[in-house]
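Listed below, chain by chain, are the residues.
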Amino acid sequence: RFGPLVRKLPNFGADIPISLGLGTLGMPGMTAYFGLLDRGQPKAGETVLVSGAAGAVGSVVGQIAKIKGCKVIGSAGTKVKCDWLKELGFDHVFNYKERTVDDALKEFAPKGVDLYYDNVGGDFSYAVLEKNMKFGGR
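Since this is a predicted model, take the numbers as computed values, not measurements.

Tallying secondary structure elements over the chain gives 5 helices and 4 strands in all. Along the chain direction, N to C, the helices and strands of the chain fall in the order α-β-α-β-α-β-α-β-α. Once the C-alpha set of the chain is aligned to its principal axes, its extents read approximately 55 × 30 × 30 Å. The burial tally for the chain puts 38% of its 138 residues in the buried class. In the chain, the proportion of contacts linking residues at least 24 apart, taken out of those at least 6 apart, comes to 54%. When the accessible surface of the chain is totalled, it reaches about 8500 Å², and 57% of it is carbon and sulfur. Charged side chains in the chain number 18 positive and 14 negative. The centres of these two groups are separated by 6 Å.

As a packed pair, helix H1 (residues 27-40) and helix H2 (residues 56-67) sit with axes 8 Å apart at the nearest point and diverge in direction by 45°. Considered as vectors, H1 and H2 are oriented oblique to each other. In the crossing of H1 with H2, the sense of the turn from one axis to the other is right-handed. Here Pro28, Gly29, Thr31, Ala32, Tyr33, Leu36 and Leu37 of H1 lie close against H2, whose contacting residues are Ala56, Val57, Val60, Val61, Ile64 and Ala65.

Let's shift gears to the pairing of strand S3 (residues 92-95). Looking along a regular strand, one sees the side chains alternate between the two faces of the sheet. Two strands pair when backbone bridges link them, and strand S2 (residues 71-76) and S3 are joined in this way by 4 bridges, in the parallel orientation. If you follow Gly74 over to S3, its bridge partner there is Val93.

Right, let's get into the packing of helix H4 (residues 101-108) against helix H5 (residues 122-131). Between H4 and H5, the shortest axis-to-axis distance is 9 Å and the interhelical angle comes to 45°. With respect to H5, the axis of H4 lies oblique. Of the two possible hands of crossing, H4 and H5 adopt the one that is right-handed. Each of Val101, Asp102 and Leu105 in H4 lies in contact with H5, whose residues at this interface are Phe124, Ala127, Val128 and Lys131. The residue inventory of the contact of H4 with H5, partitioned by class, reads 5 nonpolar, no polar and 2 charged.

Further remarks concern H5. Taken together, the buried positions of H5 are Phe124, Ser125, Ala127 and Val128. Looking straight down H5, one finds that the buried residues subtend no more than 160° of arc, so they occupy a single side. Relative to its buried face, H5 has exposed residues pointing more than 90 degrees away, namely Gly122, Asp123, Tyr126, Leu129 and Lys131.

The rules behind the values
Residues numbered from 1 in each chain as written. Predicted model: local features only at pLDDT ≥ 70, side-chain atom pairs only at ≥ 80, totals over all residues. Heavy atoms only, no water. Helix = DSSP H or I, 4+ residues; strand = E, 2+ residues; numbered from the N terminus. Buried < 20%, exposed > 50% of the residue type's maximum accessible area, 1.4 Å probe, protein only. Contact = heavy atoms within 4.5 Å. Areas by Shrake-Rupley, 256 points an atom, 1.4 Å probe, with all protein chains shown as cover. Lys, Arg positive; Asp, Glu negative; His and termini not counted. Charge placed at Lys NZ, Arg CZ, Asp CG, Glu CD. Axes fitted to C-alpha atoms, helices over the stretch in contact; angles between N-to-C directions. Parallel < 35°, antiparallel > 145°, perpendicular 65-115°, else oblique. Left-handed = near helix turned anticlockwise from the far one by under 90°. Pairing = 2+ DSSP bridges. Nonpolar A, V, L, I, M, F, W, Y, C, P; charged D, E, K, R; others polar. Arc of directions from axis to C-beta.

It is worth stressing that arrangement in space is one thing and function is another; only the former is reported here.
Laid out in structure tokens, this is it:
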């Protein structure tokens, strides 16, 4: 017995992998859900940029933002990951190894980003925050 907070996962059925309980329903999914909805509070029609969008957290953030009616832009480091993000429903994706964030956002968000969900930090985040956020963006 592990205590009252630890529960056995439900039977998801034959078509759904048990790993769902560790990913989307686990810590990465909760990080995405509460980080975006509680802290970011996206509104329909807003532009959301997700760095590290093909990761466990970023991929869920993008899908939730789409459900909320946002335009979603994601960055990833390979063509395969970018293609997968398009399959998930991201409106625009770019490979940060082939294109700068400034160039991508000039095309995909010329008026700026309303909400930036940062999964990477560093120069990428600096470029977003320095000149690609809308006034009042978060």
